Amino acid sequence: MYQEERLIAILNYLEINKRISVDQICTLFDVSRDTARRDLVRLEEDQKIVRTRGGAILPTPRHEIKDYANRLKMVSSEKKRIGQRAASLIQDGERIILDTSTTVQACAENMGEIPCTVMTNSINQAEILSSNPNADILLLGGMLQKEHRFLYGSSVIEKLSQYQVDKAFIGVVGLSGSGLTLAHEEDGMVKRKMISQADQVIVLADHTKIGVTEFFRFAELSDIDLLITDKMPNKAFIDILQRFNVELLIAEG
């Protein structure tokens, strides 16, 4: 077997088994340890694997976090359905928190003229809701994150600590057994405080976010009450939600 054929076979093995050792390469392909190591060096140089002690694993996929304007262009029909379903849960006179995510923005866009009080650190959410004559809007002031259009910092967290709301609507980049994660710590610290100030925490996440773990964990699954998504997750994830008493709501098409 030529090296190129062997490299493809090693990658195929990793796709199924997640990990391979030098000894396994020797056994599977009847090659010496030196040859096996050279194969791993080649795959590492091509950025196809991550070498470990005695073998290799596949690299963890990294999701590019686009700026807010570009993320808005990518708002899918699934996110819109999730936003519509979330908006339908808001009752007259409730006090709610909306975070900065584009899925939560889909909720804001579907709220109509319901009378409510809204707290947010998102410039976009405040602008959308300003057309609702019956909504009182509290825009949390702080440092402006220009690329993603949210306000953050100690002043935002301190202001949040003075209020208790009925519902908080929270978006994520990743949702897994490891908890709720995203890319930016400054955003995560604000979301963490939002969660602590709400009687009910509702996470809005399309199916592509489930099973993903990003850089910064800002909450545990035990911190949320309801997950709204667009597709039924696999049984393993449903079992995890049940373990943490998280209710599941599917926004069907």
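Summary of the structure given here. (Residues numbered from 1 in each chain as written. Predicted model: local features only at pLDDT ≥ 70, side-chain atom pairs only at ≥ 80, totals over all residues. Heavy atoms only, no water.)

### Considerations on the overall build of the chain
Here is step 1: When its secondary structure is counted, the chain shows 10 helices and 15 strands.
Here is step 2: Summarising its shape, the C-alpha atoms of the chain cover approximately 75 × 35 × 30 Å along the three principal directions.
Here is step 3: Taken across its 253 residues, the chain has 44% of its residues classed as buried.
Here is step 4: Sequence-distant contacts in the chain: of pairs separated by 6 or more residues, those separated by 24 or more amount to 58%.
Here is step 5: Taken as a whole, the chain presents about 13,100 Å² of accessible surface, with 47% of it coming from carbon and sulfur. (Helix = DSSP H or I, 4+ residues; strand = E, 2+ residues; numbered from the N terminus. Buried < 20%, exposed > 50% of the residue type's maximum accessible area, 1.4 Å probe, protein only. Contact = heavy atoms within 4.5 Å. Areas by Shrake-Rupley, 256 points an atom, 1.4 Å probe, with all protein chains shown as cover.)

### Side note on unusual backbone geometry
Here is step 1: A positive phi angle, near 55 degrees, is found at Asp30, a position not held by glycine.
Here is step 2: Residue position: Asp30 is located in the loop between α2 (22–29) and α3 (33–45).
Here is step 3: With a relative accessible area of 71%, Asp30 lands in the exposed category.
Here is step 4: For Asn245, which is not glycine, the phi torsion reads 60 degrees and is therefore positive.
Here is step 5: Its location among the elements puts Asn245 in the loop between α10 (235–243) and β15 (247–250).

### Regarding the packing of helix α1 (residues 3–17) against α2
Geometry of a packed helix pair, given as the angle between the helix axes and the separation of the axes.
Here is step 1: Viewed as axis vectors pointing N to C, α1 and α2 meet at an angle of 120 degrees, and their least axial separation amounts to 12 Å. Taken together, α1 and α2 sit at an angle that is classed as oblique. The interaxial crossing formed by α1 with α2 has right-handed handedness. Residues Arg6, Ala9, Ile10 and Tyr13 of α1 pack against Gln24, Ile25, Leu28 and Phe29 of α2.
Here is step 2: Partitioning the contact of α1 with α2 into residue classes produces 6 nonpolar, 1 polar and 1 charged. (Axes fitted to C-alpha atoms, helices over the stretch in contact; angles between N-to-C directions. Parallel < 35°, antiparallel > 145°, perpendicular 65-115°, else oblique. Left-handed = near helix turned anticlockwise from the far one by under 90°. Nonpolar A, V, L, I, M, F, W, Y, C, P; charged D, E, K, R; others polar.)

### Digging into the pattern of salt bridges
Here is step 1: Under the definition given, this model contains 11 salt bridges.
Here is step 2: For Arg6, the salt bridge is made with Asp39, and the minimal N-O distance between the two is 2.5 Å. Here Arg6 is found in helix α1, whereas its partner Asp39 is found in helix α3, with 33 residues between them in sequence.
Here is step 3: A relative accessible area of 0% places Asp39 in the buried class.
Here is step 4: Here Asp206 makes a salt bridge to Lys209, at a shortest N to O gap of 3.8 Å. (Salt bridge = Lys/Arg side-chain N within 4 Å of Asp/Glu carboxyl O.)

### Brief notes about the pairing of strand β5 (residues 116–120)
Here is step 1: Among the 5 residues that make up β5, 4 are buried, leaving the element largely enclosed by the rest of the structure.
Here is step 2: With 4 bridges connecting them, strand β4 (residues 95–98) and β5 associate as parallel partners. Opposite Leu98, over in β5, you have Thr120 as the bridge partner.
Here is step 3: Two strands pair when backbone bridges link them, and β5 and strand β6 (residues 135–139) are joined in this way by 5 bridges, in the parallel orientation. Looking at the pairing, Val118 lines up with Ile137 of β6. (Pairing = 2+ DSSP bridges.)

### Notes on the sheet that holds strand β9 (residues 165–171)
Here is step 1: Taken together, 7 strands build an open sheet; the order of strands is β6-β5-β4-β9-β12-β14-β15 and the sheet is parallel. Among the strands making up the open sheet, the edge pair consists of β6 and β15. Direction aside, the axes of adjacent strands within the sheet are offset by 20 degrees on average.
Here is step 2: Taken together, the 3 bridges between strand β12 (residues 198–204) and strand β14 (residues 226–229) define a ladder with parallel strand orientation. Bridging from a neighbouring strand, Ile202 pairs with Leu226 of β14.

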